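Summary of the model geometry
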Amino acid sequence: MEGAQILSTEDLSIIVGSILVGTLSRILILKEDYRQYPSYPNGYLIHMITGFVAAALGAVALPALFSKNFVAVTFLTLALQQFRDVRKMEKESLSDLEHTEYTYRGAAYIDGIAKTFESRNYIAFITSFLASITMMVLPYAIWIKLIGGFLVGFAALFLLKNFTKGKSIGDIAQVEEGTIEVKDSNLYVNGIFISNILGTENAEKLFQEEGMAVIITPNENHYRINLDNFGQRQAALFEATRALGNKRYAFTRKDYEKGRVVITLIPIKRDLDALIEAVKKCPLLESAKKSHAVLKTNLKGD
Amino acid sequence: MGRESSLRPEYQILAYVTLAKERVISSNCLCLLAKSEDEAKILTADVAKAMKADVTKLTNGDYVIIRV
């Protein structure tokens, strides 16, 4: 490839193979899960295309350097810029939707989703980059190079997927059904005061007949740091209302004594298992995550 | 009241419905004096429906119509 203006078939195969690995990686982690995001089909297409661009940047970086085209390093800054744009795009798009949803996602959850989308583009970039390195380094026939590149690319995908996989509320807490009680227009769930805006008989009756509630109890006391976080509770409430719909009223409240968190609402679809599942699967936000271990730091040095 | 958990909820008192004349003082919200408990309930429900608002019943029996 020394200064050649036209790519050889082998180089072209390496680039195309690497782009394929990177794009496939992006598609494989582009799941439409219970959070129904990204939206199908246009959201899918957008992220597939940005994944393809990320994979292309990863695939051509090394062949460009091998051809002594050192300006190609600027590709990396271009990649960074592109990924940042993906994050910005997601953030803007979700922020614009805030006033149309049943409840707010909240800034912390939006930030988490946007970061996830950015990091998934890095995954596409890294897998195609590693695949391209492998294909270039292996001293065998082109089809063995391609197989090697695919294997390394997908191994990298597996590792990165596990590395970036976050925890959810269900990993750190128990989620159980709560008992709703309305006393003198005050709403209580398992004895925890929630709200006093059920001032009319209609509101009281509606909540007593159709209200649903879950109690989140942290497994360890220090998990309260995560669960008490405002953004985290808002994210759980958002997931609950999106899974079941929201006819009227949706509250989240924390209990200061035992660290329990209440999610209660009047859903459109009454399905307790779905409510518990939605809350359990709500991701723990990176911005709410705090290291418990830091509290044990030995500052004295003995 | 799905906006309860927004970062800075903006509560707005739209109306105050009471049975006691001495509690009607000047304010920037509508104050309604009801003749009976039933009338207070009906007034509150009507205003809340029209304004798409929520209602809080105070322990003294008065109603506050609020919007979040």
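First things first, this report covers the structure right here in the doc. (Residues numbered from 1 in each chain as written. Chains lettered and ligands numbered in written order. Predicted model: local features only at pLDDT ≥ 70, side-chain atom pairs only at ≥ 80, totals over all residues. Heavy atoms only, no water.)

This next bit is on the overall build of chain A. The number of helices and strands found in chain A is ten helices and seven strands. Taking 2.2 N^0.38 as the reference for a compact globule, 302 residues should give roughly 19 Å; the C-alpha atoms of chain A span a radius of gyration of 25 Å, well beyond that estimate. Considered along the principal axes of its C-alpha atoms, chain A spans approximately 85 × 60 × 30 Å. Of all 302 residues assigned to chain A, the portion counted as buried reaches 47%. A separation threshold of at least 6 residues defines the contact pool for chain A, and within that pool the share at least 24 residues apart is 72%. Here chain A has roughly 15600 Å² of accessible surface; of this, 59% comes from carbon and sulfur atoms. (Helix = DSSP H or I, 4+ residues; strand = E, 2+ residues; numbered from the N terminus. Rg over C-alpha atoms; globule rule 2.2 N^0.38 Å. Buried < 20%, exposed > 50% of the residue type's maximum accessible area, 1.4 Å probe, protein only. Contact = heavy atoms within 4.5 Å. Areas by Shrake-Rupley, 256 points an atom, 1.4 Å probe, with all protein chains shown as cover.)

The next subject is the overall build of chain B. If you tally the helices and strands in chain B, you get one helix and four strands. In chain B, the order of α-helices and β-strands from amino to carboxyl end is β-β-α-β-β. Across the 68 residues that make up chain B, the buried fraction comes to 41%. For chain B, long-range pairs separated by at least 24 residues make up 40% of all intrachain contacts whose partners lie at least 6 apart in sequence.

The next subject is the interface of chain B and chain A. Opposite the 15 residues of chain B that make contact, chain A presents 22 residues. Summing the contributions of chain B and of chain A, the shared interface buries around 1500 Å²; its carbon and sulfur component is 50%. Inspection of the region where chain B meets chain A yields two salt bridges. Here B:Asp54 ties to A:Arg248 by a salt bridge, and the two come within 2.9 Å at their closest N and O atoms. Linking chain B with chain A are four residue pairs in polar contact (both at pLDDT 80 or more), by the criterion used here. Element by element, the count of residues in the side of chain B that touches chain A is highest for strand E3 (residues 54-57) of chain B, at four residues. A per-class count over the side of chain B that touches chain A returns six nonpolar, four polar and five charged. (Buried area = accessible area lost by both parts, 1.4 Å probe. Salt bridge = Lys/Arg side-chain N within 4 Å of Asp/Glu carboxyl O. Polar contact = N/O pair within 3.5 Å; in protein donor to acceptor, adjacent residues only side chain to side chain. Nonpolar A, V, L, I, M, F, W, Y, C, P; charged D, E, K, R; others polar.)

Residue and element names in this part refer to chain A. Scanning all chains against the criterion turns up 13 salt bridges over all chains. In this structure, Glu 101 engages Arg 105 in a salt bridge whose closest nitrogen and oxygen atoms are separated by 3.5 Å. Across the pair Glu 181 and Lys 183 runs a salt bridge whose closest N-O atoms are separated by 4.0 Å. A relative accessible area of 37% places Glu 181 in the partly exposed class. Through salt bridges with shared partners, a single ionic network connects Lys 91, Asp 111 and Lys 115.

Right, let's get into the pairing of strand E1 (residues 12-18) of chain B. All names here are of chain B. Most of E1 sits inside the fold, with five of its seven residues counted as buried. As paired strands, E1 and strand E4 (residues 63-67) are joined by five bridges and run antiparallel to one another. By the bridge assignment, Ala 15 is partnered in E4 with Ile 65. Where E1 meets strand E2 (residues 30-33), four bridges bridge the pair, whose relative direction is parallel. Residue Thr 18 lies in a different strand from E2, and its bridge partner there is Leu 33. (Pairing = 2+ DSSP bridges.)

In this section: the packing of aromatic side chains. All names here are of chain A. In this structure the tally under the stated criterion is nine aromatic pairs over all chains. Aromatic side chains Phe 83 and Tyr 122 sit 4.5 Å apart centroid to centroid with 70 degrees between the ring planes, which places their arrangement in the edge-to-face category. Taken together, the positions of Phe 83 in helix H3 (residues 74-97) and Tyr 122 in helix H4 (residues 107-137) put the pair 39 residues apart, joining distant regions of the chain. Given the relative accessible area of 26%, Tyr 122 is considered partly exposed. Pairing Tyr 249 with Phe 251 gives two aromatic rings, centres 6.0 Å apart and planes at 20 degrees, and the pair type is stacked. Per residue, the accessibility class of Tyr 249 equals that of Phe 251, and both read buried. (Phe/Tyr/Trp six-rings, centres within 6.5 Å; stacked < 30°, edge-to-face > 60°.)

All names here are of chain B. If you walk through the whole model with that rule in mind, you get zero disulfides over all chains. Here Cys 29 is not disulfide-linked; the sulfur of Cys 31 is the nearest cysteine sulfur, at 4.5 Å. Using a relative accessible area of 16% as the deciding quantity, one classes Cys 29 as buried. (Disulfide = S-S within 2.5 Å.)

Here we take up the sheet that holds strand E7 (residues 261-266) of chain A. Residues and elements named next belong to chain A. Judged by pairing direction, the sheet is antiparallel, and its four strands sit side by side in the order E1-E5-E7-E6 without closing on themselves. Across the chains shown, the open sheet's two edge strands, defined by having one partner strand only, are strand E1 (173-177) and strand E6 (248-254). Averaged over all pairs of adjacent strands, the angle between strand axes in this sheet comes to 15 degrees, irrespective of strand direction. Pairing between strand E5 (residues 212-218) and E7: five bridges, direction antiparallel. By the bridge assignment, Val 214 is partnered in E7 with Ile 263. Running over the sheet, helix H10 (residues 272-280) touches E1, E5 and E7 and is turned about 35 degrees from E5. (Axes fitted to C-alpha atoms, helices over the stretch in contact; angles between N-to-C directions.)

In short, shape yes, function no, at least from these values alone.
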